[in-house]
Each structure stands twice: as C-alpha cells, then as structure tokens.
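Chain by chain, the residues run as shown.
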Amino acid sequence: MSNRIVHMTSAHSRNDIRIFIKMCSSLAKSEAFEVFLVVADGLGNEIKNGVNIVDVGKVQGRLKRMFVATRKVFLQAKKLQGDIYHIHDPELIPSGLKLRKLNKKVIFDAHEDLPKQVKAKPYLPVIARKVLPYFIEWYESRVSFKFNYIVTATPSIRDKFAKITPNVIDINNFPITDELVCPIVEDRGPLSQVCYIGAITKIRGIEQLLQASALLEDISLVLVGEFAEPTLKELLQKTQNWSNVVETGFVDREVVKEVLNNSMAGLVTLLPTPNHLESLPNKMFEYMSAGVPIIASDFPLWKEIIDSTGCGIYVNPENPEEIKNAILYLSQNPIEAKKMGRNGYKAVATKYNWSSQFLRLSRIYNNILADD
C-alpha cells in the first residue's frame with residue numbers, strides 16, 4: 001500500500017521547480033508514494049507527472065492569501081488524510097502546527113532564511129524590516145522543534161535550525177542531471193546573447209544587468225522570467241538600457257533549454273542582501289547543468305564553488321562595468337568559455353545534482369514513516 005504524501009503551498013506556482021518538478025514528480029515515480037500537491041492558484045485540479053494537483057482557488061492580495069488561502073489549503077489538505085504533510089510556506093506554519101495536534105507527521109521546508117529575507121523586502125516599511133526579523137526568529141525558536149523534520153534549501157539555513165532541533169537536513173536545490181540540453185556536445189558557431197533566468201527584481205540585480213547590457217553593442221540580454229514588481233518593468237522599459245533586451249516572460253522548460261543552448265553565459269548577479277550571501281540559487285546550477293559558463297556575484301560561497309570547479313567568472317554585482325567586462329571576456333575567448341561550460345557540466349554530473357538530494361529526502365520520509 002502506497003503512503004500518501006501531501007505537499008502544501010499557498011504562495012508557490014503548481015509548476016514550482018523545487019516543489020513540483022523535483023520533489024513531487026520524483027516521489028510520484030516511486031510505487032511507495034501517492035503524491036498530492038495542494039495549491040491556491042485558481043487553475044483547477046489536474047494530474048501531472050503522476051502528481052495529483054488539488055487547487056483551492058486563487059485569492060487576490062497578499063494579506064488575503066496569508067489568511068484566507070492558507071485556511072483553504074489547510075482544510076483541503078486535512079481532508080486528504082496524508083501520511084506525511086510537507087509544507088512550503090512560512091505562512092503555513094500555523095496549519096502545520098494544527099496538523100501536528102491531529103497527530104499528523106509534518107515537515108516544514110524552509111526555502112529561504114526568512115528573517116534575512118524580510119530585511120530586504122522593499123514593500124515593507126523600514127520599521128517593519130527592523131522589527132519583524134527579531135519576531136520571526138523568536139517564533140521559529142518556539143515552534144520549529146514541534147515538526148517531525150525541518151528541511152532547508154541551503155546548509156546555512158540548516159545550521160540555523162540545528163540550534164533549535166536535531167531533526168533538520170538540507171535538501172539543496174540542485175538541478176536534474178541532463179534535464180537541460182548541454183550545448184558542449186554540438187558546434188553551434190559564435191553566440192551573441194547572454195541570459196538571466198528567474199524572477200526579476202531590483203535586489204536580484206536587474207538594473208545593473210541592464211546597465212551592463214547597454215554597454216555592449218552586439219550581445220543581447222535575454223530575460224526569462226516574470227517581473228515581481230510590474231512598476232519596475234514599466235520604468236525600465238522607458239530607459240535606453242532596455243535597447244539590448246529580449247524578454248520572454250515565463251516559459252516552459254523546453255524554451256529554457258533553447259535559450260540556454262544559444263547563450264554564451266548565464267547571469268546570476270544577485271545583490272549582496274543578507275539572504276543572498278549564503279544562498280545556493282537554482283539558476284546558477286541550472287546554467288552549469290546545461291554547460292553554460294556562469295557570471296556570478298563575488299560572494300564568498302559562490303567564489304568557492306567557481307574556483308573549485310572552474311565553471312565561470314565572479315564579479316561585483318553592483319558594478320555594471322565588471323559585468324560587461326566578464327561578458328566581453330567570454331565573447332572574445334570562446335575556447336575558454338567552452339572549457340568553463342564543460343567544467344560546470346561535470347560538476348553537476350558528479351556532485352551538484354538532484355539525484356543525490358532526492359536520496360536524502362526519500363531517506364527522511366522513510367524514517368518518519370517508520371517512526372510509529
């Protein structure tokens with residue numbers, strides 16, 4: 001008899017890479033698990049990749065989502081009578097605690113270091129950015145040990161929760177090996193574009209990327225993703241820095257493959273906010289998995305990865321001139337760029353891949369299920 005695993009999110013897309021493509025879809029391939037994903041996006045119910053997606057409907061507005069959508073997700077998830085509940089949003093922590101009171105087994109997945117993330121939220125008042133992180137840290141210390149397990153997206157977040165509970169493990173957001181086409185296996189001639197894949201915001205360095213792109217004549221910047229701040233997009237489109245930009249919006253994985261296969265570099269020049277400094281961005285490892293050299297922020301952790309693998313170049317993300325020079329270097333040294341791409345691909349194939357992380361996740365599930 002299969003064990004029923006119920007993943008819950010009130011904020012993420014049903015096609016979220018970490019939740020759906022990696023965790024849920026991988027679990028659904030095993031006969032040992034029956035997998036449900038409860039979402040709140042208004043796109044209806046469906047079965048995809050063997051995952052039963054259950055939609056509670058979309059709620060407009062951030063506050064309504066936090067209070068109305070979370071309750072709907074909780075009530076629907078409870079009906080499913082899962083053997084394990086895996087929650088993916090901080091706003092669902094109260095729902096997870098309710099499930100624990102019902103003697104359900106619950107995992108909380110910390111995608112981000114929330115106190116650090118709050119400090120960089122531009123829409124919050126300054127006083128809130130100063131006070132909220134302390135409250136969140138206090139709240140985490142009071143409730144985290146009540147979950148059966150804490151799963152984190154990075155080792156640094158794991159170390160934080162390890163001070164609260166021993167039941168914590170990092171499941172890094174590494175790519176699925178060979179999911180994205182590797183361009184090093186074919187000769188496509190000279191390339192004339194670089195790409196950025198992911199959500200587009202100020203703190204992820206979009207303004208500096210546009211400034212760097214405007215300094216280049218024959219190399220375009222392809223943006224694959226959606227602007228998290230619509231007003232920012234409107235503002236940037238009116239500037240001369242937009243002239244070299246090709247915007248695709250949100251696209252499926254096949255289009256992502258195509259963009260990567262035609263790019264000389266993948267850009268991950270996030271700004272040095274507290275939450276970014278020790279993060280492991282999915283986009284960085286996806287670029288590597290596709291054999292594309294990376295141009296990344298010069299954070300100590302990222303520099304260590306680049307130095308140890310030889311997969312790219314690091315720059316000051318706040319300096320458009322440095323970003324421009326890195327792009328020009330790869331453009332003018334295609335043999336070296338190809339070597340960097342090959343190094344990144346090898347690093348993912350041998351170390352930074354989802355298969356290694358899924359084994360860790362499966363082991364945790366089986367241990368929780370066995371602990372009756």
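Just so it is clear, the model here is predicted, and its values are computed rather than measured.

Description of the sheet that holds strand 2 (residues 33–39)
Taking strand neighbours across the sheet as the criterion, the 8 strands line up as 3-4-2-1-5-6-7-8 in an open arrangement whose pairing is mixed. Either end of the sheet is taken by a strand with one partner, and the two such strands are strand 3 (46–48) and strand 8 (168–170). Neighbour-to-neighbour, the strand axes of the sheet open up by a mean angle of 25°, direction not taken into account. With 3 bridges connecting them, strand 3 and strand 4 (residues 51–55) associate as antiparallel partners. Residue K48 lies in a different strand from strand 4, and its bridge partner there is V51. Against the sheet, helix 2 (residues 62–79) contacts strand 1 (3–8), strand 2, strand 4 and strand 5 (84–87), and its axis sits at roughly 175° relative to strand 1. Here helix 6 (residues 155–162) sits on the sheet in contact with strand 6 (105–110), strand 7 (149–152) and strand 8, set at roughly 170° to strand 8.

Description of the packing of helix 1 (residues 17–28) against helix 15 (residues 354–370)
Across the interface, helix 1 lies against helix 15 with an axial gap of 11 Å and an inter-helix angle of 65°. The orientation of helix 1 with respect to helix 15, classified from their angle, is roughly perpendicular. For the pair helix 1 and helix 15, the crossing hand works out as right-handed. Of the residues in helix 15, those touching helix 1 at K22, M23, S26 and L27 are W354, F358, L361 and Y365. For the contact of helix 1 with helix 15, a count of residues per class yields 6 nonpolar, 1 polar and 1 charged.

Structural notes on the side chain of T269
Structurally, T269 is set in the loop between strand 12 (266–268) and helix 10 (274–277). By relative accessible area, which is 0% here, T269 ends up buried. When residues no more than four places from it in sequence are discounted, the contact partners of T269 are R204, G205, L209, I295, A296, S297, V315, P317 and I323.

Section: the nonpolar core
By size, the foremost hydrophobic cluster in this structure holds 57 residues, and its most contacted members are L223, L260, M284, Y287, M288 and I327. Contact partners of M288, with chain neighbours within four places excluded, come to I294, C311, G341, G344, Y345, A347, V348 and Y352. In this structure, V59, L80, V106 and I157 belong to the second largest nonpolar core, which totals 28 residues.

Examining the pattern of salt bridges
Any two side chains of opposite charge can pair, given that their charged atoms come close. In total, this model carries 17 salt bridges according to the counting rule given. Note that R14 is salt-bridged to E46, the shortest N-O span being 2.9 Å. Linking R14 in the loop between strand 1 and helix 1 with E46 in strand 3, this pair joins segments that are 32 residues apart in sequence. Among the residues examined, R14 registers a relative accessible area of 3% and is labelled buried. The class of E46 is partly exposed, set by a relative accessible area of 32%. The partner of D170 in a salt bridge is R360, and the shortest N-O contact between them spans 2.9 Å. Highlighted residues: D170 in strand 8 and R360 in helix 15, separated in sequence by 190 residues. Classification of R360 as partly exposed rests on a relative accessible area of 25%.

Comments concerning the side chain of D113
Here D113 is to be found in the loop between strand 6 and helix 4 (114–119). Among the polar contacts made by the side chain of D113, one reaches the side chain of K160 at a distance of 3.2 Å. Non-local contacts of D113, meaning those with residues more than four positions away in its chain, are made with I157, K160 and N275.

A closer look at helix 7 (residues 206–214)
Each turn of an α-helix holds 3.6 residues, which means side chains three or four residues apart point in the same direction. Listing the buried residues of helix 7 in full gives I206, Q208, L209, L210, A212 and S213. Looking at the buried positions of helix 7, the neighbouring elements they touch are strand 9 (193–197), strand 10 (220–224), helix 8 (230–237), strand 11 (245–249), strand 12 and helix 13 (320–332).

Description of the packing of aromatic side chains
Counted under the stated rule, the structure contains 10 aromatic pairs. Taking 5.1 Å as the distance between ring centres and 40° as the angle between the ring planes, the aromatic pair formed by F285 and Y352 counts as tilted. One end of the pair, F285, is in helix 11 (residues 282–289); the other, Y352, is in the loop between helix 14 (334–350) and helix 15, with 67 residues separating them in the sequence. Grouping residues by exposure puts F285 and Y352 together as buried. Cluster of aromatic residues (ring-pair linked, three or more members): F135, W138 and Y139. Sitting over the face of the ring of F74, K98 holds its NZ or CZ atom 5.2 Å from the ring centroid.

Observations regarding a positive patch on the surface
Residues R71, K78, K98, K101, R142 and K146 make up a contiguous surface patch of positive charge. Elements represented by at least two residues in the positive patch include exactly helix 2 and helix 3 (93–101). Within the fold, K98 resides in helix 3. Exposure remark for K98: the relative accessible area of 43% places this residue in the partly exposed category.

Remarks on the packing of helix 7 against helix 13
The N-to-C vectors of helix 7 and helix 13 enclose an angle of 55°; their axes lie 8 Å apart at closest approach. The angle between helix 7 and helix 13 places the two elements in the oblique class. For the crossing formed where helix 7 meets helix 13, the hand is right-handed. Residues Q208, L209, Q211 and A212 of helix 7 form the contact with helix 13, whose own contacting residues are P320, I323 and K324. Of the residues in the contact of helix 7 with helix 13, the class split is 4 nonpolar, 2 polar and 1 charged.

The rules we used
- Residues numbered from 1 in each chain as written.
- Predicted model: local features only at pLDDT ≥ 70, side-chain atom pairs only at ≥ 80, totals over all residues.
- Heavy atoms only, no water.
- Pairing = 2+ DSSP bridges.
- Helix = DSSP H or I, 4+ residues; strand = E, 2+ residues; numbered from the N terminus.
- Axes fitted to C-alpha atoms, helices over the stretch in contact; angles between N-to-C directions.
- Contact = heavy atoms within 4.5 Å.
- Parallel < 35°, antiparallel > 145°, perpendicular 65-115°, else oblique.
- Left-handed = near helix turned anticlockwise from the far one by under 90°.
- Nonpolar A, V, L, I, M, F, W, Y, C, P; charged D, E, K, R; others polar.
- Buried < 20%, exposed > 50% of the residue type's maximum accessible area, 1.4 Å probe, protein only.
- Core = buried A, V, L, I, M, F, W, Y, C linked by side-chain atoms within 4.5 Å.
- Salt bridge = Lys/Arg side-chain N within 4 Å of Asp/Glu carboxyl O.
- Polar contact = N/O pair within 3.5 Å; in protein donor to acceptor, adjacent residues only side chain to side chain.
- Phe/Tyr/Trp six-rings, centres within 6.5 Å; stacked < 30°, edge-to-face > 60°.
- Lys NZ or Arg CZ within 6 Å of the ring centre and 35° of its normal.
- Patch = residues over 30% accessible without salt bridge, like charges linked within 9 Å, V, L, I, M, F, W, Y side chains within 5 Å.
- Areas by Shrake-Rupley, 256 points an atom, 1.4 Å probe, with all protein chains shown as cover.
- Lys, Arg positive; Asp, Glu negative; His and termini not counted.
- Charge placed at Lys NZ, Arg CZ, Asp CG, Glu CD.

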